[in-house]
Amino acid sequence: MKVAITSTGNSPESKIDQRFGRCSYFAVYDTENKGIEFLPNPNKEVQEGAGPASVQLVASRNVQKIISGEFGIKIKSLLDSLKIQMIMIKEPEKTIQEIIDMLNK
Amino acid sequence: MFIIFVLNYCSYYMSPRPLRLRKISNPPPVSGFKPYGNKKSGTIPDSIFLHYEEYESLRLCDYEMLNHHQASVIMDVSRPTLTRIYAKARQKIAQALVQGSQIIIEGGKVYFDSEWFTCKSCGCYFNNPEKDAEIKNCPLCRSSDILNFDHKPLDQEETITYCQDVCICPDCGHEQQHQFGRPCREEICSECGKNMIRKGTPHSGKINK
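Note that the structure is predicted; figures quoted are calculated from it, not measured.

### What to know about the pairing of strand 5 (residues 85-88) of chain A
The two faces of strand 5 of chain A match: Q85(A) and I87(A) on one face and M86(A) and M88(A) on the other face are all buried. Pairing between strand 4 (residues 63-68) of chain A and strand 5 of chain A: four bridges, direction parallel. Looking at strand 5 of chain A, one finds that I66(A) is bridged to M86(A). Once you follow strand 4 of chain A into helix 2 (residues 75-82) of chain A and on to strand 5 of chain A, the crossover reads as right-handed. Bridging between strand 5 of chain A and strand 7 (residues 125-127) of chain B involves two bridges; their strand directions are antiparallel. Across the sheet, residue M88(A) finds its bridge partner in strand 7 of chain B, namely Y125(B).

### Brief notes about the pattern of salt bridges
All names here are of chain A. Enumeration according to the criterion identifies 13 salt bridges over all chains in this entry. Close ionic contact of E93 with K15 constitutes a salt bridge, the shortest N to O distance being 3.7 Å. With E93 in the loop between strand 5 and helix 3 (96-104) and K15 in the loop between strand 1 (2-7) and strand 2 (25-30), the pair connects residues that are 78 residues apart, well separated along the chain. Judged by its relative accessible area of 57%, E93 is exposed.

### Looking at the nonpolar core
Nonpolar side chains tend toward joint burial in soluble globular proteins. In terms of nonpolar packing, the biggest core is built from 23 residues, with I5(A), I67(A), C124(B), F126(B), C138(B) and L140(B) touching the most fellow members. Beyond its immediate chain neighbours, meaning those up to four positions away, C124(B) contacts I87(A), M88(A), I89(A), F117(B), T118(B), C119(B), C138(B) and L140(B). F20(A), I75(A), I84(A) and M88(A) belong to the second largest nonpolar core, which has 17 residues in total.

### As for the packing of helix 3 (residues 68-75) of chain B against helix 4 (residues 79-99) of chain B
Residues and elements named next belong to chain B. The contact between helix 3 and helix 4 brings their axes to 8 Å, and the two run at 100°. As summarised for this structure, helix 3 and helix 4 are arranged roughly perpendicular, according to the angle between their axes. Two secondary-structure elements touch here, helix 3 through H68, H69, A71, S72 and M75 and helix 4 through R79, L82, T83 and Y86. For the contact of helix 3 with helix 4, the per-class residue count stands at four nonpolar, four polar and one charged.

### So, the sheet that holds strand 11 (residues 197-198) of chain B
Residues and elements named next belong to chain B. The strand order across the open sheet formed by three strands is 10-9-11, and the pairing between neighbours is antiparallel. The sheet is open, and its two edges are formed by strand 10 (175-177) and strand 11, each paired on a single side. The sheet contact formed by strand 9 (residues 166-168) and strand 10 spans three bridges and is antiparallel. Across the sheet, I168 pairs through a bridge with E175, a residue of strand 10.

### Digging into the pairing of strand 3 (residues 36-40) of chain A
Residue and element names in this part refer to chain A. By the bridge criterion, five bridges tie strand 2 to strand 3 in an arrangement that is antiparallel. Each bridged residue has a counterpart across the sheet, and for Y29 the counterpart in strand 3 is I36. Connecting strand 2 to the antiparallel partner strand 3 that follows it, the hairpin turn spans five residues, and K34 within it adopts a positive phi of roughly 60°.

### A few points about helix 3 of chain A
Residues and elements named next belong to chain A. Those residues of helix 3 lying buried are I96, I99, I100, M102 and L103. Looking down the long axis of helix 3, one finds its buried residues gathered within 155° of arc, a one-sided arrangement. Packing partners of the buried residues in helix 3 comprise strand 1, strand 2, strand 3 and strand 4.

### Here's the deal with the side chain of K92(B)
Within the secondary structure, K92(B) is located in helix 4. Look past the residues within four positions of K92(B) in its chain and what remains in contact with it is I48(B), F49(B), L50(B), H51(B) and E54(B).

### A short note on the sheet that holds strand 2 (residues 32-33) of chain B
Residue and element names in this part refer to chain B. Spatial strand order, 2-4-3: three strands in an open sheet with mixed pairing. Since the sheet does not close on itself, it has two edges, and those belong to strand 2 and strand 3 (48-50), each with one partner. Of the strands in this sheet, strand 3 and strand 4 (103-105) touch helix 2 (residues 52-63), which is tilted by about 65° from strand 3. In the packing of helix 4 onto the sheet, the strands contacted are strand 3 and strand 4, and the crossing angle to strand 3 comes to about 150°.

### As for the interface of chain A and chain B
The extent of an interface is frequently quoted as the accessible surface area lost upon association of the parts. Counting from both sides, the interface comprises 17 residues of chain A and, opposite them, 15 residues of chain B. Summing both sides of the interface, chain A and chain B together bury roughly 1,500 Å²; the carbon and sulfur share of this comes to 56%. Contact with chain B buries surface across chain A, with Q85(A), M88(A) and M102(A) losing the most and accounting together for 32% of the total. The interface formed by chain A and chain B holds zero salt bridges in total. Inspection of the region where chain A meets chain B yields one residue pair in polar contact (both at pLDDT 80 or more). Only strand 4, helix 2, strand 5 and helix 3 of chain A provide two or more residues apiece to the side of chain A that touches chain B.

Thresholds applied
Residues numbered from 1 in each chain as written. Chains lettered and ligands numbered in written order. Predicted model: local features only at pLDDT ≥ 70, side-chain atom pairs only at ≥ 80, totals over all residues. Heavy atoms only, no water. Buried < 20%, exposed > 50% of the residue type's maximum accessible area, 1.4 Å probe, protein only. Helix = DSSP H or I, 4+ residues; strand = E, 2+ residues; numbered from the N terminus. Pairing = 2+ DSSP bridges. Right-handed = clockwise from strand over helix to strand, strands pointing away. Salt bridge = Lys/Arg side-chain N within 4 Å of Asp/Glu carboxyl O. Core = buried A, V, L, I, M, F, W, Y, C linked by side-chain atoms within 4.5 Å. Contact = heavy atoms within 4.5 Å. Axes fitted to C-alpha atoms, helices over the stretch in contact; angles between N-to-C directions. Parallel < 35°, antiparallel > 145°, perpendicular 65-115°, else oblique. Nonpolar A, V, L, I, M, F, W, Y, C, P; charged D, E, K, R; others polar. Arc of directions from axis to C-beta. Buried area = accessible area lost by both parts, 1.4 Å probe. Polar contact = N/O pair within 3.5 Å; in protein donor to acceptor, adjacent residues only side chain to side chain.

Now the structure itself:
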């Protein structure tokens, strides 16, 4: 199963990004082979529609869960129809590695 | 004759419309109730199966003291359907009390609220995209210590202020849209000045034809 985590940088030590649509990177973590793939977010600077575009990017990788700090208003219905689970973590100091450790527990 | 034939054909050969999924906001804390102190020894009556939607209708109508219209909006069914579910629930519970049977809460055409949950051990929030499955563990830390999280505080919750019913004048038959929260008998008919009543209720037997 694949999990996408919004990240501020492209290493496991970087912190979680509190925004979904305009985050810097998506860390796509595969729970089966324990691999992490960092995808730079091309929608970081766009004026409008960053959320739906990011959903498209993430959904193309077949993720089943998305972990972020906050989701915009257009995202919920999109992810509901794609059956992707949203998880919100309200701790901006958590690193990607810590979240992966929690998933592996 | 032809109409009777068509109606018979429909009722025998066509399947009825499928039931609408009922939304369950709070599943019951226990899976059933057992009687004790059986006075007629030897006879154990059959268990009564109370469906989830029946439990939910009882919870909304009798525990939260909502009216049927408000409860039906919460369960995402029509008002008459809610009333039917509620009547069934009361009938089953009365039957269980009188016969001294065990009540088992299970089954029914339901889905569990897909809104937000919160995990007490890691403090995250998550939703449930699979409407049919019940969430038991936190997706992040696998803790079972989760709560159904109401993201709207109680005072901000939207109250239902509309109603599809119609008031009717018992004297002249004048109809007007019913105003939510205002009893029909307080409405005055604009045609003849009489107090009005709700259309379609047993009171409407008073209507002069």
